[in-house]
Number of protein chains: 4
Amino acid sequence: MMIIMKSNATPQEVEHVIEHIKEIGLSVHLSQGVETTIIGAIGETHNIPIDQFEVLDGVETVQRITQPFKLASRQFHPENSIFPIDGFSVGSEELALIAGPCSVESRSQILETAHAVKEAGANALRGGVFKPRTSPYSFQGLGEEGLELLAEAREATGLPIVVEIMSQVQIDVMVKYVDVLQVGARNMQNFNLLRVIGDTQTPVLLKRGLSASIEELLMSAEYILAGGNKQVLLCERGIRTFETATRNTTDINAVPVLKSLTHLPVILDPSHSTGHFDYVEAIARAAVAAGADGLIVEVHPDPAHAVSDGRQSLKPERFAAMVKQVSQIAEIMGRRLASAKSPTH
Amino acid sequence: MMIIMKSNATPQEVEHVIEHIKEIGLSVHLSQGVETTIIGAIGETHNIPIDQFEVLDGVETVQRITQPFKLASRQFHPENSIFPIDGFSVGSEELALIAGPCSVESRSQILETAHAVKEAGANALRGGVFKPRTSPYSFQGLGEEGLELLAEAREATGLPIVVEIMSQVQIDVMVKYVDVLQVGARNMQNFNLLRVIGDTQTPVLLKRGLSASIEELLMSAEYILAGGNKQVLLCERGIRTFETATRNTTDINAVPVLKSLTHLPVILDPSHSTGHFDYVEAIARAAVAAGADGLIVEVHPDPAHAVSDGRQSLKPERFAAMVKQVSQIAEIMGRRLASAKSPTH
Amino acid sequence: MMIIMKSNATPQEVEHVIEHIKEIGLSVHLSQGVETTIIGAIGETHNIPIDQFEVLDGVETVQRITQPFKLASRQFHPENSIFPIDGFSVGSEELALIAGPCSVESRSQILETAHAVKEAGANALRGGVFKPRTSPYSFQGLGEEGLELLAEAREATGLPIVVEIMSQVQIDVMVKYVDVLQVGARNMQNFNLLRVIGDTQTPVLLKRGLSASIEELLMSAEYILAGGNKQVLLCERGIRTFETATRNTTDINAVPVLKSLTHLPVILDPSHSTGHFDYVEAIARAAVAAGADGLIVEVHPDPAHAVSDGRQSLKPERFAAMVKQVSQIAEIMGRRLASAKSPTH
Amino acid sequence: MMIIMKSNATPQEVEHVIEHIKEIGLSVHLSQGVETTIIGAIGETHNIPIDQFEVLDGVETVQRITQPFKLASRQFHPENSIFPIDGFSVGSEELALIAGPCSVESRSQILETAHAVKEAGANALRGGVFKPRTSPYSFQGLGEEGLELLAEAREATGLPIVVEIMSQVQIDVMVKYVDVLQVGARNMQNFNLLRVIGDTQTPVLLKRGLSASIEELLMSAEYILAGGNKQVLLCERGIRTFETATRNTTDINAVPVLKSLTHLPVILDPSHSTGHFDYVEAIARAAVAAGADGLIVEVHPDPAHAVSDGRQSLKPERFAAMVKQVSQIAEIMGRRLASAKSPTH
C-alpha cells in the first residue's frame, strides 16, 4: 500500500502515518521526493481498509498495490481451474452450453424445452423457480414444484440442471435438487447467501451484478472460495450503462480481462446482456471468439406466451442454428461442444 | 400500453396483436397512421410484462403509458405520507437527522457517538451490526451483541435506532431491537428480504441501489407497501457513474423527482454519496435545499481507527458544525430540526 | 408522435394540444382511454422537437414513434451500402483492416509500420497528424509534414491512408492528401466539422463519441449524408462506463444493433475500446464474429517509445498473429481479407 | 510517478525501467518490498504519458502521483480567481446569475426576455446564435443576425452577453460582440477551439462534457490558461448516466470537488442538468447551497413555441420566483446577488 502525502505535509504528519503503519504490524518504506513524500506499507495488506490511512492528517491519497483478492487470483494459481459438472468439464476445452427458459412454467414447457436444447447441443438445462422480479405483481416462480419438474427433465434428458437461488433459506432444498447453484446479478453482493454457498460443495454459477466492477465480481467469488467451495463459474451478463438501444451493455472486454486475472472459468449470457433475441446469436459468437468458456442462453418454445423474458428468448430452432454457428467459432478457438451424457433411465 | 407496429406489418400481424390483447382481458384502441399503426391496450396494464407483445411478429416496439407502481405513486395518494419514528415525524416539516458510525465497534464508541450526535441535534442513531463488506476478509460486524449496545445507547439518549438488515433470517431479532429497519443499497432488489419486511409494521429506510433507476427504487418500495407496511422512507445514497473523483455520484435530481412521483418521504446520505468527509457538509446543505426530508450521516469519534468507512465519517465536532449550517437552510425551506425525545430513564 | 396526457388533464388542455398539432401542419388521432387520453400527431414528425408538446399544460409525456434519422436508416435503404476505398470495398464481403500508429512520428516510423502492416494483411494505413490530446503539454502531432510522410508511405505500399481531421479549417489540406477522413470520438458532435465533410466526396470514418448513444451516432452520420456525402463508415470504439479495468467498455452489442438499424458499414477499434494491447486480439476476433465489416487497430514498431497510446499498440509481429486469427473467424462469417492493391510505383 | 512491477519481474526488467526513467531526465527512487518492487520516477512528470512505462516488460501498473494540470490547480494558486464580467465579479461574494433563452429567435423574443431576467435579478444574458443540434433538420441558429440582436439587448438592459462559440472560425465575430465566450459540452475537448480562445482576453464559460471527468474538465481549462487567457469560468451541466428520469444527472458533488481542486470559479446549469423546468428551482437552490459561484438558467417567454429546449425553460415569472429562493440560500452562504449595471443609454 502506498500512502502519498500532501505536498505541504509536515514532518509530524509523516511521522504519525509511519507510527500508524507499524501499529498494525506492517513495515515501512519511506520515499521522499522533491515535491512529494510517499510511504510504503509493506506486508499482508490485502485485508486492510485503505480508509484507515486516508483520514490521517497530511495524507493526499492512498493506493493499493496488490489485488484485494487472493484465492481467485491467477497470480497465486496460474493454471486454469477445471471442474466437472455432471456430464462435462467446465473450464476445459469443452464449451459449456447451458440453455433453457427464464422460468419453469409447466411440465410440458420444461420437458419440451429440455429435449429441444439437448438435441441442439446444450450440455446443461437452466430454469428459474424462485424469480427475482422488479414488480411485486409479476409471476414469482413455481418454487419447489418447479424443482421437481426440473429433476424430471434431468432424468429424461441427462442434462444437469442450473437453478437460481435467491436466499440463504433456500440452500437445503436447492442443494438437494440442483447440479449448479446460480447466483443472480441482484444477489452478487448478498454476502449472507455467498457464505452459505461457500459451505456447500455444489458448483456455483456467479453472475456479475448490473453495476459491479470486475474486481467486485472477483471479491464475491473470493467469499465462496474462502468458504471452501472451489467450483465457481463466473458469468458476464451485461452491465448498466447510458445506452438504451439494448437492455444492458455486454462487457465483452470482461472475458479477456477475467481470463487474465483469474483461473476460474468464465461464461457469457447473451440473452440478458442484449435483452433482445435478435442480437443473441451475434453476441454468442463474439463471446466464444473472445475466449469465453461457455454460454448460458434463454430458450422458450413459445416466447409470446412466456411469463418472463420472452423478448430475449430464442425459439428452439433458432437456438439450434445458433449452436451451429458457435461450434464453428469454438473449433477455431481450440474448443469443442461437450456432449451431454445419456439420460439416466 | 401502446404497441407500435413496424411500417411493413401485415394486416394479419395487426390482427394477431389485437387478439392477443383481448385474450388477456384488455380492450383495444386502434390508430392507423400513414406510416405506422399503433394499437393501444387499455385496462389494468401495470402488471403485464411488455415482453409479451414485443415478441409478436410485426411489432416494432411497445411503450408503457402508466407507471408500473401504484401504492407508491403520488398520483393515487397526492398527500405526503407522514409517519412517526419514535420521537419525531418523518415526511413532515421536521427534518430527519440520522447520525452515527458505519459499524458498532464497542460500547464506548457507540455511547460516545450517540451522546455527541444527540447533542449536535440528531434525532436518530444509526449503527451497523451486520455489515455487507466487499471483501470476506473485512470486519463483518458485532451481530446481536451490537444490537444490545445500540439498545443501551437508545436508552441513554432517547434516540431511536436505525440498523441495516442483511437477510430475511435476521428479521425476528431485528424487529425486536430496532426502530427503523435499513435496507442497504446492495439489497434493494433482495425481494425475499423486502417481502418479510413488508409483513412487519416497523418503519423502513430503503436505500437506492448503486445502479438502480428511480423507477426501480419505487418498485422495491412497492414490494414493501404491497405487503402492508406503509412506513417506507426512501434514501438517495449516490449512484455509480464513470466519475472517479468521488466514491459515488450524488443524484441530487432524485430528490425533486421522487418528491414529484411519490408521497413517501425522501432523505439523502451525503457520506456514501460522496465517499469523503470533506464533501459531506456541502452535499448535506444541497440535499436540504433541494427539498429532502432529512439526512443520514456517518459520524465516528476517531475515523482513523474506524473499522469501516473512516474516510467518509465526520468527527462529532464537524457534524455539529454541519447541523448548524443545515438548520439555516432548513428554515428557509420551511422545515425545522425535530428535537429527539428525552432519554427513557 | 404520441402525446400522453395526465390523468387529470382537462378537456381544454386536450383541445389546446390538438390545436397546437394542427398549427404545425400535422394531423391528429385522438384516443381516449378510461385513465389516459393519448393524442397522436401524424405526418412528417422526424424534425419536430418533442419539447414543443412537453411544455403544454396537461401533458404527461411525449413519445417519438419514428426514428429521427432517415438517410442513415435501413428502413428506407434496405441494402447494405458498399463503397470503394482505394483498393477494396467497404461493407462488402471484404473485411476492412486499417492499421498503423496512433501518431505519425517520423519518416522511418511510418514507413516501417506501413510495410509491416501491409505484409501482415492490412488494406489501409492509419496515422494521426493533428492529435486531440487531453493535456496541452502532450505531443500535438506533426501537422502537414505528417501528411507528406503518409503520402510517401502510401506510394511505397499502395495502402490508402486514413487520417483524423480535427477542425473544419483543415478540410482543404486533408482532402488533398487523405483517402479517408476520420472523425474522432471527441468530434462526433462537432456539427460544423460534419457539415464541411458532408460537402466533400471523400469517404469518412465516423467514430462514436465516448458517451454517444447509438442513435446519436446515426444522427451525426445523418449530418454528413444530408450534405451529399454518402460514403460514411461507422466505428464503435468503446464507451465510457463505471468499469475501470479497461480504458473503455467495448459496446459489442452496437455491432448487431447498427447492422440492424442502418445500411452503413460498421467497423470496430479494439485498441481504443480496450486500451490495452493484451486484450486487442480477443476483441478483434469478437468484433468480426459479431458481424463487423472491419477493424481499425493501432500498431507501432516500438510501443515503449511511442509518443502516444503506446499501451494499446500492437507490435507488428503481434498484429500479424492477430490477422491470422481474425482471418479464420472472417471465413466462417463469409468474409475474406481484401488484398491491398500494389504500390503505385 | 510510481511504476509497480509484477511480482515475478526479473532484475533485468527492473533495471530496464530504471534506465528508461533516467533516459527521459527523471530521477529514480527504488523501493523493494517482499512481494513487489516499486520504482518512483521523480521530477517534472505531469507532461509524461504513463503509457511509456506501462508497455515495458515486467511492469504491472503505473500510477500518477501529481495532478496532470498545473495552472488550474489550487495547489499552485491557493486564492480564488476573481475576474470582472462587465458589471459584476465572478468568483467573488457576488453570485453570477446568467439567464436567457436557449436560442435567439427574434428581436421581440430576446428583448422581452432580457428585460424580464434583468428585472428578476439576473446579471448577464445568455442566448445561442450558432446552435449545436443533434439533428441536421433542427433549427441551427440565427448566426450573426442573432449577435446583433443580443448587442441590442445588452444596450437596452446593461446586461453583458454570454454566447456559445462552436468553431474556431467564429472567433473574430464572437470576440467583437460578446462579453463571455461559452464553450458547450460537446466542444469541451475541441482542442483547436480551446487554443484560439486561449489567445484572446475574453472571459470564457467552459461547460463540462456529457461524459467528461472532473480531471478532464480541468485539463481543458488548462489549454485555455496555457494560452494566456486566465478568465475561465467552469460550469457543471449534468453528466450522462444510466438514469433516464431526467435528461442528465446533475453531478452536485462536482461543485465542492472543483472548489477544492481549482481556484477557478464554478457555476451550475440546472436547466440542462435536469432537462425539465419542474426541477430547475430545486437544483438551483442545491447548487448555491453546495457552494457554486453562480447559475446559468434557460428562460423563455413562451416555452411551448421555443425552437429549442422548451421543456427545460422557465417562464420569466417562474424565474423571478426562483431568484427569490436562491437569494435566501445565497445569503446564508455569505453571498449576494450582484446588481447588473444600468443600461448603457
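That block above? That's the structure.
The shown structure was predicted, so the numbers you read here are calculated from the model rather than taken from an experiment. (Residues numbered from 1 in each chain as written. Chains lettered and ligands numbered in written order. Predicted model: local features only at pLDDT ≥ 70, side-chain atom pairs only at ≥ 80, totals over all residues. Heavy atoms only, no water.)

S.K.: I'd like a description of the overall build of chain A, backed by residues and values.
M.R.: The helix and strand tally for chain A stands at eleven helices and 15 strands. Taken over the C-alpha atoms alone, chain A extends approximately 75 × 40 × 40 Å along its principal axes. Going through the 345 residues of chain A one by one, you find that 67% of them count as buried. The long-range share in chain A, meaning contacts at least 24 apart out of those at least 6 apart in sequence, stands at 69%. As displayed, chain A has an accessible area near 11,000 Å², and 48% of this comes from carbon and sulfur atoms. The average position of the 29 basic charges and that of the 41 acidic charges among the side chains of chain A differ by 5 Å. (Helix = DSSP H or I, 4+ residues; strand = E, 2+ residues; numbered from the N terminus. Buried < 20%, exposed > 50% of the residue type's maximum accessible area, 1.4 Å probe, protein only. Contact = heavy atoms within 4.5 Å. Areas by Shrake-Rupley, 256 points an atom, 1.4 Å probe, with all protein chains shown as cover. Lys, Arg positive; Asp, Glu negative; His and termini not counted. Charge placed at Lys NZ, Arg CZ, Asp CG, Glu CD.)

S.K.: How would you explain the sheet that holds strand S4 (residues 59-63) of chain C if you had to name every residue and give the values?
M.R.: All names here are of chain C. If you walk across this open sheet you meet the four strands as S2-S3-S1-S4, and the pairing is antiparallel. For this open sheet the edge positions go to strand S2 (27-32) and S4, each flanked by a neighbour on one side alone. Pairs of neighbouring strands in the sheet enclose a mean axial angle of 20°, with direction left out of account. Bridge count for S2 against strand S3 (residues 37-42) is six bridges, and the pairing is antiparallel. Within S3, the position partnered with Val28 by the bridge is Ala41. Its contacts with the sheet place helix H1 (residues 11-23) against strand S1 (2-5), S2, S3 and S4, and it is angled at close to 5° to S3. (Pairing = 2+ DSSP bridges. Axes fitted to C-alpha atoms, helices over the stretch in contact; angles between N-to-C directions.)

S.K.: Which residues make up the side chain of Arg74 of chain A, and what are the values?
M.R.: Residues and elements named next belong to chain A. Within the secondary structure layout, Arg74 lies in the loop between strand S4 (59-63) and strand S5 (83-85). Of the side chains bearing the opposite charge, Glu79 lies closest to the buried Arg74, which forms no salt bridge; the N-O distance is 7.0 Å. Polar contacts involving the side chain of Arg74 include one to the main-chain carbonyl oxygen of Pro78, which spans 2.7 Å. Discounting residues that sit within four places of it in the chain, Arg74 has contacts with Glu79, Asn80, Lys259, Ser260, Leu261, Thr262 and His263. (Salt bridge = Lys/Arg side-chain N within 4 Å of Asp/Glu carboxyl O. Polar contact = N/O pair within 3.5 Å; in protein donor to acceptor, adjacent residues only side chain to side chain.)

S.K.: Residues and numbers for the relation of the copies chain A and chain B, please.
M.R.: Mapping chain A onto chain B leaves a residual RMSD of 0.0 Å; the transformation is a rotation of 180° accompanied by 0.0 Å of translation along its axis. The symmetry that links the two subunits is that of a two-fold axis. The position closest to the rotation axis in chain A is occupied by the C-alpha of Ser211 of chain A, lying 3.0 Å away. Both copies share a contact surface, since 100% of the interface residues of chain A are interface residues in chain B too. (Least-squares fit on C-alpha atoms with pLDDT ≥ 70 in both.)

S.K.: A description of the nonpolar core should follow, citing residues and the corresponding values.
M.R.: Core analysis: the biggest nonpolar cluster contains 390 residues, and Phe319 of chain A, Phe319 of chain B, Phe319 of chain C together with Phe319 of chain D have the highest contact counts within it. Excluding residues that lie within four positions of it along the chain, Phe319 of chain D makes contacts with Leu97, Ala99, Val117, Ala120, Ala122, Val297, Val299 and Leu314 of chain D. (Core = buried A, V, L, I, M, F, W, Y, C linked by side-chain atoms within 4.5 Å.)

S.K.: I'd like to hear about the interface of chain C and chain B, residue by residue, with values.
M.R.: Between chain C and chain B, the residue contacts involve 22 residues of the former and 22 residues of the latter. Between chain C and chain B, the buried area comes to about 1,800 Å², and carbon and sulfur atoms account for 63% of it. Counting every contact that joins chain C to chain B gives zero salt bridges. At the boundary of chain C and chain B, one finds zero residue pairs in polar contact (both at pLDDT 80 or more). Taken together, the elements giving at least two residues each to the side of chain C that touches chain B come down to S1, S2 and S3 of chain C. Here the side of chain C that touches chain B gets four residues from one element, more than from any other, and that element is S2 of chain C. Tallied by class, the residues present in the side of chain C that touches chain B amount to eight nonpolar, eleven polar and three charged. (Buried area = accessible area lost by both parts, 1.4 Å probe. Nonpolar A, V, L, I, M, F, W, Y, C, P; charged D, E, K, R; others polar.)

S.K.: Go over helix H4 (residues 144-157) of chain D with me, naming the residues and quoting the values.
M.R.: All names here are of chain D. With 14 residues, H4 should cover 20 Å at 1.5 Å per step; its first-to-last C-alpha distance of 20 Å lies within 8% of that length. Buried residues belonging to H4 abut helix H3 (107-120), strand S8 (124-126), strand S9 (161-165) and helix H5 (171-177). Note on H4: the residue one or two positions beyond its end, Gly158, has a positive phi of about 85°. (Expected span 1.5 Å × (residues − 1).)

S.K.: Got a sec to walk through the packing of helix H6 (residues 191-198) of chain C against helix H7 (residues 214-227) of chain C? Specific residues and values, please.
M.R.: All names here are of chain C. Contact geometry of H6 with H7 gives a least axis separation of 7 Å together with a crossing angle of 35°. For the pair H6 and H7, the sense of crossing is right-handed. Contacts between H6 and H7 involve Phe191, Leu194, Arg195, Ile197 and Gly198 on the former and, on the latter, Ser220, Tyr223, Ile224 and Gly227. (Left-handed = near helix turned anticlockwise from the far one by under 90°.)

S.K.: Could you give an account of the interface of chain A and chain B, naming the residues involved and the relevant values?
M.R.: At the interface, 50 residues of chain A touch 50 residues of chain B. Where chain A abuts chain B, roughly 4,200 Å² becomes buried across the two surfaces, and 52% of that area is made up of carbon and sulfur atoms. Summed over the shared surface of chain A and chain B, the result is four salt bridges. A salt bridge links Arg240 of chain A to Glu216 of chain B, with the shortest nitrogen-to-oxygen separation between them at 2.7 Å. Our count for the chain A to chain B interface comes out at 21 residue pairs in polar contact (both at pLDDT 80 or more). Those elements that place two or more of their residues in the side of chain A that touches chain B are helix H1 (11-23), helix H2 (51-54), helix H6 (191-198) and helix H7 (214-227) of chain A.

S.K.: Can you lay out the sheet that holds strand S4 (residues 59-63) of chain B for me, pointing to particular residues and giving the numbers?
M.R.: Residues and elements named next belong to chain B. Strand order in this open sheet of four strands is S2-S3-S1-S4, and the pairing throughout is antiparallel. For this open sheet the edge positions go to strand S2 (27-32) and S4, each flanked by a neighbour on one side alone. The average undirected angle you get between the axes of adjacent strands in this sheet is 20°. In this sheet, strand S3 (residues 37-42) lies alongside strand S1 (residues 2-5) in antiparallel orientation, the contact comprising three bridges. Each bridged residue has a counterpart across the sheet, and for Ile3 the counterpart in S3 is Ile39. Here helix H1 (residues 11-23) sits on the sheet and contacts S1, S2, S3 and S4; the angle it forms with S3, its principal contact strand, is near 5°.

S.K.: Mind laying out helix H8 (residues 254-261) of chain B, listing which residues take part and the relevant values?
M.R.: In terms of residue burial, H8 of chain B counts as a mostly covered element, since six of its eight residues are buried. Buried residues of H8 of chain B: Ala254, Val255, Pro256, Val257, Leu258 and Lys259 of chain B, and no others. As for H8 of chain B, its buried residues are in contact with helix H7 (214-227), strand S12 (232-236), strand S13 (266-268) and helix H10 (277-290) of chain B together with helix H10 (277-290) of chain D.

S.K.: Tell me what's going on with unusual backbone geometry, and back it up with residues and numbers.
M.R.: A negative phi angle characterises most non-glycine residues, just as the trans form characterises most peptide bonds. One non-glycine residue, Asp309 of chain A, lies in the positive phi region at around 60°. Checked against the element boundaries, Asp309 of chain A lands in the loop between strand S14 (294-298) and helix H11 (316-332).

S.K.: Break down the relation of the copies chain C and chain B for me, citing the residues and quoting the values.
M.R.: Mapping chain C onto chain B leaves a residual RMSD of 0.1 Å; the transformation is a rotation of 180° accompanied by 0.0 Å of translation along its axis. Here 100% of the contact residues of chain C are again contact residues in chain B; the copies associate through an equivalent surface.

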